[in-house]
Every structure is written in structure tokens, then in C-alpha cells.
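If you want the building blocks of each chain, they are given just below.
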Amino acid sequence: MKKLRVLIADDDRAFAESLRLYLEGQDDIECVGCTSDGEEALACMYRQQPDALVLDVGIPCLDGVDILQEVQLLPEEERPSVYVMTAYGEQNILRKELLARGARACLEKPYSCRLLCERIRAGGRADAQQYKKRVERTVNQVMLAFEVPAKGLGYRYMARALKFALLDGKPG
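These remarks concern the structure in this document. Every chain is numbered on its own, with residues counted from 1 as its sequence reads. Per-residue local features of the predicted model are confined to residues with pLDDT of at least 70, and side-chain atom pairs are confined, for both listing and counting, to 80 or more; whole-chain, interface and lining totals are unaffected and use all residues. Hydrogens are left out, water is left out, and the side-chain values use all remaining heavy atoms of the structure.

1. Side note on the packing of helix 2 (residues 38–48) against helix 3 (residues 64–73)
Think of two packed helices as two axes; the pair is described by the angle between the axes and how far apart they sit. Condition: Axes here refer to lines fitted to C-alpha atoms; in helices the fit is confined to the stretch in contact. Angles between the N-to-C directions go from 0 to 180 degrees. A run of DSSP states H or I qualifies as a helix once it reaches four residues; a run of E qualifies as a strand once it reaches two. Both are numbered from the N-terminal end. Angles below 35 degrees are treated as roughly parallel, those above 145 as roughly antiparallel, those between 65 and 115 as roughly perpendicular, and all remaining angles as oblique. Definitions for this section: a left-handed crossing has its near helix turned counterclockwise from the far helix by less than a right angle. A right-handed crossing has that turn clockwise. Note on contacts: a residue pair is in contact if any heavy atoms of the two residues lie within 4.5 Å. Side-chain classes are defined by residue name, with Ala, Val, Leu, Ile, Met, Phe, Trp, Tyr, Cys and Pro counting as nonpolar, Asp, Glu, Lys and Arg as charged, and the others, Gly among them, as polar.
Put simply, helix 2 and helix 3 touch, their axes get as near as 10 Å, and they point 20° apart. Considering the angle they form, helix 2 stands roughly parallel to helix 3. Handedness of the crossing formed by helix 2 with helix 3: right-handed. Packed against helix 2, whose contacting residues are Gly 38, Ala 41, Leu 42, Met 45 and Tyr 46, the element helix 3 presents Ile 67, Glu 70 and Val 71 at the interface. The class makeup of the residues in the contact of helix 2 with helix 3 is six nonpolar, one polar and one charged.

2. So, helix 2
The following threshold applies: Burial classes follow relative accessibility: with a 1.4 Å probe on protein chains only, a residue under 20% of its type's maximum area counts as buried, one over 50% as exposed, and anything between as partly exposed. Note: the arc covers the axis-to-C-beta directions of the helix.
Of the residues making up helix 2, those classed as buried are Gly 38, Ala 41, Leu 42, Cys 44 and Met 45. Taken down its axis, helix 2 places every buried residue within 165° of arc, on the same side. Facing away from the buried side of helix 2 by over 90 degrees, the exposed positions are Glu 39 and Arg 47. In this structure, the buried side of helix 2 is in contact with strand 1 (4–9), strand 2 (29–35), strand 3 (52–56) and helix 3. Gln 49, located one to two residues past helix 2, shows a positive phi value of around 50°.

3. Some details on the pairing of strand 2
Where we set the bar: For two strands to pair, DSSP has to find at least two bridges joining them. The handedness rule is simple: strands pointing away from the viewer, and a clockwise path from the first strand over the helix to the second, make the crossover right-handed.
Where strand 1 lies against strand 2, six bridges are found, and the strand directions are parallel. Looking across to strand 2, one finds that Leu 7 is bridged to Gly 33. A crossover connection joins strand 1 to the parallel strand 2 through helix 1 (residues 13–24); in handedness this β-α-β unit is right-handed.

4. Quick word on the sheet that holds strand 5 (residues 105–108)
Pairing within the open sheet is parallel, and its five strands lie in the order 2-1-3-4-5. Each edge of the sheet is formed by a strand with only one pairing partner; in this case those strands are strand 2 and strand 5. Averaged over all pairs of adjacent strands, the angle between their axes in this sheet comes to 20°, without regard to strand direction. As paired elements, strand 3 and strand 4 (residues 81–86) share five bridges and run parallel to each other. Bridge assignment links Leu 53 to a residue of strand 4, and that residue is Val 82.

Structure (C-alpha cells):
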């Protein structure tokens, strides 16, 4: 089985290192580079041709918006799926612009390495139906962990909200 190749571009060294270590522990994902500035990230992207790019929107030299513009210039079959990370909180205008420019997701730090890997698997040539089943199982586990009764008030609303979040805003 071919491993998904991931490039990390983030100037937050602690986050980048923890993600790199997490990726190294995955059987189906490999980290092909870890950069801390935009120019270096772009050069590494052209050289390594990753399946996915985890990109800090505020990275120095070239920011996330500039890098997304460069990614869009690549032929479609060569474009990595881009997962933009931000520490700026919920800024809908920025999020909408990043998604409009081709980002697969715009995620707020700190973000779970496990959930990020699930998103990468789903966007990186994984079977979408399998991913939806994993999301369904995850939602059920969360609901059980919080002891929300299946027939209780708000169960369907909460389950739908979790699925919506895990499926990048697409109704599941």
C-alpha cells in the first residue's frame, strides 16, 4: 500500500515537531518534510510532491494565502490537499478566503493530530465512504462518552453538529 506523503509548513516548532512525530507513528502516512517558512515550504513542495500539505496561515516569508495561490497553479493531479492551520481563532472572512482559494480545511490550533490524520486520509485519496463510516463510529463513541441518551433531547442535533464538523462542513 502506498503511503500518503505529508509536508508540514509551520513556524510553531513545537506543533510541527509533535505532528511530525505523530505522523511517523502512522502505518499509512509519511512525513516528507517539515519547514518553518513559506519559501522553504514551496521549494520542498515542488521537490517532494506531497499528497497533503499542513500549512500555517501565518508562516513567515510567504504566507498561507500566497502558498495556496502557488498550489492552484499546479496541474490538478499534482496539487496536494492543503490543510490550513491558524491560531487566529474563528475569523470567518479569513476562513472563507482560504477555502475559496483551494484549502481542503481551515483548522484552529491547537488541533488533534489524530483528527488531522483522519482528515488527511479522507482528502488524500482515501475512500470517502469508509471515512464517513469512521466519522459515524467516532460520533457514536463521543456521544457514549458523554452519556447522551440516544432518545434524549438534543441527541440528533449534537450528532449532526459533530458530523458536520468532522466532514469539513458537508452534511453527512
